[in-house]
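Residue-level structural notes
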Amino acid sequence: MTNWRRFRLAGWLWFCKWRVSLDNLGDWRKSTWCGSVGESDIGSELTLMGWVQRRRDHGGLIFIDLRDRQGLVQLVFNPEPASEGSVNDGKGVHALAHTLRSEFVLAVKGIVSKRPEETENPSLKTGMIEVKVSELKILSSANALPFQIDDDTDAGEDVRLKHRFLDLRRPVLQQSLMLRHKVSMAARNYLSDNGFLDIETPMLTKSTPEGARDFLVPSRMNAGHFYALPQSPQLFKQILMISGFDRYFQITRCFRDEDLRADRQPEFTQIDAEMSFVGTEDVMGCMEGLIGHVFKEALGVELDASFARLTYDEAVGRFGLDAPDVRFGMELKDITELVKGCGLKVFSSVAASGGIVKVITAEGAASFSRKELDGLTELAKTYGAKGLAWVKLNADGWQSPIAKFFSDEEKKAIEEAAGAQVGDLMLFGADKATVANTALGRVRLAIGKRLGLIPEAIDSSTKEGFSFVWVTDFPMFDYDEHEKRYNAVHHPFTSPRDEDMELLKTDPAKVYSKAYDLVLNGQEIGGGSIRIHDPKVQAKVFELLNIGKDEASSKFGFLLDALSYGTPPHGGIAFGLDRILSIMIGSDSIRDVIAFPKTQKAYCMMSEAPSEIDSKQLEDLFLRVTKPVQT
RNA sequence: GGAGCCGUAGUUAAGUUGGUUAUAACGCCGGCCUGUCACGCCGGAGGCCGCGGGUUCGAGUCCCGUCGGCUCCGCCA
């Protein structure tokens, strides 16, 4: 490079830095997505727009990976002059390219060319071609980034959530949200094609202290009165059935002011549907069609036409949980009768006092270390178990702290009931039924993971990755020992089974409902029921739930009123869209499928909501904050 | 309400028994570089060790509290 040329270039670089104004888009329009440029475009001039993924500046040659939602394409900047009449002459384009940094937004015109021999990049969709840039516009510059825009970025989730606008540029999140769009469109199309009408229900609605805590909205027009954000459109969709719409659906936000989990956000999205003149099988059948359509459209996976069924009692009895993971066996076996007279007091006394003793057998797990067993015991304890007895079945018999309490006959009978072979590990839960089932059910899942029976990453390209099961026939009520009253297991509008109607009066604890949950890979992804359409039955259920006449009429008066004006038998279901998606993409957290999720303290790290408000706003709403502001 | 894990440059991490000037990688800034694609090479800047208190001659390190993130129990009809 001559001194003169060096001087000219230095001048250009100085000019590029000095100039503060960015280029205007002008009449440039993109001709295609960066990630969609292909070999068929070779030879043609394209206009591309996107973000600078990475710059590889060789001093002479400069390579830029330009990114948009479809992918990357390599731009090449040559120092040679470009064609006449371009917005920058060739040297200008090249010099300008030196100033490019990560996440600058560019518009370029250039010729698509086949890459020279040996420089193709097979790991890139567009790796056979590159774009030789003749004209460049810098539409926007960017500050140094808090983290790399990259699928395997190493930044923590809190950093990413604070800069969610950058996080969302990562291809993996772009793809998740595109999948979300596909799922939601497929659901809409299926439901619409099957006669369901999309009808909106209010977001400002009535607080119903039953169930989850409400998010409340103060009413300026009505001092001291509050709306609640809907926990679900439950009552409104039933009203729509009573109004004669016959089939309704909505993909809608629901709000619950409860503590968060990996699979629970304060606002989440339901695919909500309701149908008239149907029974449980009609709803389940129709929804199998919905789920099948969604998986086909969104993932290209052809599911079985119908899903497995388990009653609630079977699910809890065999798997310990009402959302069973049926991808593997290791079922719970009841040995209460066998241990009634055994020498181990923990077992015999539980058996004698109405509790249950159950066992699971982990194949080949006799090799588990003491540490692993302790870990499983700790796990069982978090679910209320007092401990977790274990037996390693070795060639020479039981290796176990509890071995000495059992006779040879008892051991043999237990092994047989448990289906245990030499080399297996038996784990026992002894407690009241709910505790023993839950604890063993959870231990079963932990061992399933440990033994690889639950795959670490599911294969979302085949139906084998997805294990659906309906859980039906839930109990109507469970008894709240603290408050000494019945609670609705599903919700207070769920219909009892026809054959159990009489039991409502005599033995409510034995009444089963027409409720059903859909479980996918051990996670509840949806649930619904046939509703009560007889006001007399509804009144009886309220009575059992200890909801008095006045209370019922003040909380649900409009529904009770509506029920008495000609109500079709009806029922429906709601799916957790976020949960379905997180399973589809193999994530443990629904935050990965929500554009702007909140932290465990229900805080948005990007917008910094919730926040304090100024006193004028409070005055308008007739509110006074009593919490100490800050100490 | 409770349990556990975590918090050190922009980011991710290391930091010994409590002991000189707190390391590294990536990123950033500057220079060189015409076939790279995690480009390469040379140089440089960058720190309230989350915050507050305590123990100590001395604290990133030990103790107490607190704030924040994550996971879980309770809660989520």
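Residues numbered from 1 in each chain as written. Chains lettered and ligands numbered in written order. Predicted model: local features only at pLDDT ≥ 70, side-chain atom pairs only at ≥ 80, totals over all residues. Heavy atoms only, no water.

1. What to know about the confidence of the model for chain A
Applicable threshold: Confidence scores per residue from the predictor, reported as pLDDT, run from 0 to 100. Note on definitions: a residue-residue contact is assigned when non-hydrogen atoms from the two residues lie within 4.5 Å.
Taken over all residues, the pLDDT of chain A has a mean of 92, while the share at 70 or more is 94%. Every residue in residues 1-13 is under pLDDT 50, and counting partners more than four places away or in other chains gives eight contacts. Throughout residues 16-20 the model reports pLDDT below 50, and contacts reaching past four residues in sequence, or to other chains, amount to four contacts. As scored by the predictor, the complex reaches a pTM of 0.93 and an ipTM of 0.94.

2. Side note on the packing of aromatic side chains
The way to describe two aromatic rings as a pair is by their centre distance and the angle between their planes. This is how it is decided: Only Phe, Tyr and Trp rings take part, Trp by its six-membered ring, and two of them pair if their centres are within 6.5 Å. Stacked means planes under 30 degrees apart, edge-to-face means over 60, and tilted covers everything else. Think of it this way: any DSSP run of H or I at least four residues long counts as a helix, any run of E at least two long counts as a strand, and we number them from the N terminus.
One pass over the structure, following the stated rule, counts 14 aromatic pairs. With 4.5 Å between their ring centres and 10° between their planes, F307 and F468 make a pair best called stacked. With a gap of 161 residues between them, F307 in the loop between α7 (280-299) and β11 (308-311) and F468 in strand β17 (residues 468-472) connect regions that are remote in the sequence. Following the ring pairs from residue to residue traces out a cluster consisting of F295, F307, F466 and F468.

3. Brief notes about the protein's contact with RNA strand B
Applicable threshold: We call a residue near a molecule or strand as soon as one heavy atom of that residue lies within 4 Å of the molecule or strand. Two N or O atoms count as a polar contact when they lie within 3.5 Å, although within protein this holds only if one can serve as hydrogen donor and the other as acceptor, and sequence-adjacent residues are included solely when both atoms are side-chain atoms.
Taken together, 48 residues form the shell around RNA strand B, and within it R54, D57, T119, E130 and H490 come nearest. Protein-adjacent atoms of RNA strand B, using a 4 Å cutoff, are sugar or phosphate at a proportion of 52%. The contact in question runs from a base nitrogen of RNA strand B to an N or O atom on the backbone of T119, over 2.2 Å. The separation between a base nitrogen of RNA strand B and a polar side-chain atom of R264 is 2.8 Å.

4. Some remarks on a nonpolar patch on the surface
The criterion, for reference: Within this analysis, patches are made of residues with over 30% relative accessible area and no salt bridge. Like charges are joined at 9 Å or less; nonpolar side chains (Val, Leu, Ile, Met, Phe, Trp, Tyr) at 5 Å or less. The Shrake-Rupley method, run with a 1.4 Å probe sphere, supplies the accessible areas, and residue values consider only the shown protein chains as cover. Criterion for a salt bridge: a side-chain nitrogen of Lys or Arg within 4 Å of a carboxyl oxygen of Asp or Glu.
Taken together, the side chains of F165, F596 and M606 make up a nonpolar region of the molecular surface, amounting to roughly 290 Å² of accessible area. Its place among the elements puts F596 in the loop between α16 (577-584) and α17 (615-620).

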